[in-house]
Amino acid sequence: MTKKNINFMNMYKIDDYKFSGKKAIIRVDFNVPLHKETLEVTDDTRIKGALPTINKIIKDGGSVILMSHLGRPKEGPEEKYSLKHVIPTLKKLLGKDVKFADDCIGASAVKLSKELKKGEILLLENLRFYKEETKGDEAFAKKLASYADVYVNDAFGTAHRAHASTTIIAQFYDKKDIMFGYLIEKELEAMDKILNSTEKPVTAIMGGAKVSDKIEIIEHLLPNINNLIIGGGMTYTFIKANGGKIGNSVCEDDKLKLAKKLLKKAKELNVNVFIPVDAVNADSFDANAKTNYSKTDETPDGWMGLDIGETTLKVFTSIIEYSKIILWNGPMGVFEFEKFAHGTSEIAKSLAKATKNGAYTLVGGGDSVAAINKNKLADKVSYVSTGGGAMLEYLEGKELPGIKIIRGSK
Ligand code: AMP
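Residues numbered from 1 in each chain as written. Predicted model: local features only at pLDDT ≥ 70, side-chain atom pairs only at ≥ 80, totals over all residues. Heavy atoms only, no water.

**Student:** How do you make sense of the nonpolar core when you look at a structure like this?
**Tutor:** The nonpolar side chains of a soluble globular protein tend to be buried with one another. Formed by 71 residues in total, the largest nonpolar core has its most connected members in Ile25, Leu124, Leu144 and Phe156. A per-element tally of this core places helix H6 (residues 182–195) first, with 6 residues. Split by domain, the residues of this core number at least three in each of domain 1 (14–180) and domain 2 (188–395). Not counting chain neighbours up to four residues away, the residues in contact with isoleucine 25 comprise Ile65, Met67, Leu124, Leu144, Tyr147, Ala148, Val150, Tyr151, Val152, Ile169 and Tyr173. Formed by 32 residues, the second largest nonpolar core is a distinct cluster that contains Ala24, Phe30, Leu34 and Leu90. (Core = buried A, V, L, I, M, F, W, Y, C linked by side-chain atoms within 4.5 Å. Buried < 20%, exposed > 50% of the residue type's maximum accessible area, 1.4 Å probe, protein only. Helix = DSSP H or I, 4+ residues; strand = E, 2+ residues; numbered from the N terminus. Domains from an automatic or database assignment. Contact = heavy atoms within 4.5 Å.)

**Student:** For this particular structure, what's the right way to read the packing of helix H1 (residues 45–59) against helix H2 (residues 87–94)?
**Tutor:** Two quantities define a packed helix pair, namely the angle between the axes and the distance from one axis to the other. Look at H1 against H2: their axes get within 11 Å of each other, and the N-to-C directions meet at 50°. In terms of orientation, H1 lies oblique with respect to H2. Two packed elements cross with a definite hand, and for H1 against H2 that hand is right-handed. On H2, the residues that touch Ile47, Lys48, Leu51, Ile54 and Asn55 of H1 are Thr89, Leu90, Leu93 and Leu94. (Axes fitted to C-alpha atoms, helices over the stretch in contact; angles between N-to-C directions. Parallel < 35°, antiparallel > 145°, perpendicular 65-115°, else oblique. Left-handed = near helix turned anticlockwise from the far one by under 90°.)

**Student:** Hey, could you run me through the sheet that holds strand E5 (residues 150–153) in this one?
**Tutor:** Adjacent strands of a sheet pair through backbone hydrogen bonds, lying either parallel or antiparallel. Spatial strand order, E3-E4-E2-E1-E5-E6: 6 strands in an open sheet with parallel pairing. At either margin of the open sheet sits one strand with a lone partner, and together these are strand E3 (99–101) and strand E6 (178–180). Across the sheet, the axes of successive neighbouring strands diverge by a mean angle of 25°, strand direction being ignored. The sheet contact formed by strand E1 (residues 23–27) and strand E2 (residues 63–67) spans 5 bridges and is parallel. Residue pairing for E2: isoleucine 26 is matched across the bridge by leucine 66. (Pairing = 2+ DSSP bridges.)

**Student:** Please explain the pattern of salt bridges as it appears in this structure.
**Tutor:** Should the charged atoms of two oppositely charged side chains come close, the side chains can pair. Inspection of every chain in the model, using the stated rule, returns 23 salt bridges. Its salt-bridge partner being glutamate 79, residue lysine 84 comes within 3.1 Å of it at the nearest N-O pair. Overall, the relative accessible area of 36% leaves lysine 84 in the partly exposed class. In this structure, lysine 398 and glutamate 216 form a salt bridge, with 3.5 Å as the shortest nitrogen-oxygen distance. Of this pair, lysine 398 sits in the loop between helix H13 (389–395) and helix H14 (401–407) while glutamate 216 sits in helix H7 (residues 215–221), and the two are 182 residues apart along the sequence. Taking the relative accessible area as the measure of exposure, lysine 398 reaches 34% and is therefore partly exposed. Judged by relative accessible area, glutamate 216 falls into the partly exposed class, the value being 42%. (Salt bridge = Lys/Arg side-chain N within 4 Å of Asp/Glu carboxyl O.)

**Student:** Even after reading the chapter, I still don't get the site of the ligand, so can you show me in this structure?
**Tutor:** Near the ligand there are 15 residues, and of these Ala209, Gly233, Gly305, Glu336 and Asp367 occur at the shortest range. Between the ligand and glycine 233 there is a distance of 3.2 Å, counted from a nitrogen atom to a backbone nitrogen or oxygen. Here the ligand, which alone exposes 510 Å², has 82% of that area covered by the protein. Residue composition of the shell around the ligand, by class: 5 nonpolar, 6 polar and 4 charged. (Near = heavy atom within 4 Å. Polar contact = N/O pair within 3.5 Å; in protein donor to acceptor, adjacent residues only side chain to side chain. Areas by Shrake-Rupley, 256 points an atom, 1.4 Å probe, with all protein chains shown as cover. Nonpolar A, V, L, I, M, F, W, Y, C, P; charged D, E, K, R; others polar.)

**Student:** Just to check I follow, could you spell out the domain arrangement of the protein chain for this structure?
**Tutor:** How big an interface is tends to be stated in terms of the accessible area lost upon association of its parts. Domain boundaries assigned for the protein chain yield domain 1 (14–180) and domain 2 (188–395). On a C-alpha basis, the centroid separation for the pair domain 1 and domain 2 is 37 Å. With 4 residues of domain 1 in contact, the opposing surface of domain 2 contributes 7 residues. Contact between domain 1 and domain 2 buries roughly 530 Å² in total, counting both sides, with carbon and sulfur atoms accounting for 73%. (Buried area = accessible area lost by both parts, 1.4 Å probe.)

**Student:** When you look at the side chain of serine 294 in this model, what are you seeing that I'm missing?
**Tutor:** Mapped onto the secondary structure, serine 294 falls in strand E11 (residues 291–295). Given a relative accessible area of 8%, serine 294 falls into the buried group. A distance of 2.9 Å separates a polar atom in the side chain of serine 294 from a polar atom in the side chain of asparagine 281.

Quick look at the structure:
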């Protein structure tokens, strides 16, 4: 397999750009959770994530126009989705004043952006108050583009959408005036480390409920990994495909052939596949279910495997701890129930240990991020992706419109 040479040649990097005297419009991801009644920001992680890019531009002597979506407004403006609710948090984090245009393409946005001075910051109202945003409307994108000299995309979570502010807008600028912010740069760097690593061994740990959700990623990763660790509910589709007894464990009966095909492909590519050999079973899908223990291919009738067993853990952690590059996507068991969270927690700890010993570790996908946070280990792994759907699509080998428009084709 020949490696894809990613074309960074034509791309302008934020670090090399001189923002002095320029207005930059940044697509940020301020889609943050708000308190139901007070509408205050309850988790500022995403706002904090945008600060390095904003601060760099301001420090350079530029000015910043921020645009984002918030929630899923249906028909035009809705108070509970107004971006004005993020202003107090944003001001506090920046230690600066923030101006606000209450209509992203209205007269106020035109006037405030025109009058924006060096070092000042303007936030536009929720882009999704206009259907044109998600439709990728050109006239809408052109209007947004008219406010600034430079376009910076720093919202990785929406980079897989060809929306006006994430993709279409870029075509109204010179190639030298469009670039990624630090957050997207970091996300791409992390994922490219997995996809194009020359360091070995590379291990992918894939867990979660269904094989069908992970098939495309596994297929795309296989040519560049040495070890594939399977965990979570999808274990049982593989076990059944190999003729094992799975009791009431979750299984996608229509994916048995596909599971076999994947195992065959892995073998052809010399990828070692590790499937759990033992499990903690439950007599029902319940936090307080009765438990027992069995081999995964000898699950007793009436029982379902909800976590990996101790023998499996030993094998998995030894593979993880000798790997140099590791991707973790999806929990090993039903970690939302305390009784079945052990396997997932131990894998999180093992990843932290591998990182400490010099491995590069990327954790991504909603539930594995939740698991790593639950174990308070987010700062003990190399990178935690905020990407969600965008990350999965990238790892599946899909071209993300918001990435392609800036970086060009792979
Ligand atoms: P995903 O979104 O595909 O990563 O799946 C995450 C979900 O898989 C979590 O909600 C887990 O509770 C669930 N899960 C993990 N292991 C199992 C299992 N053995 N049986 C059923 N569900 C599982």
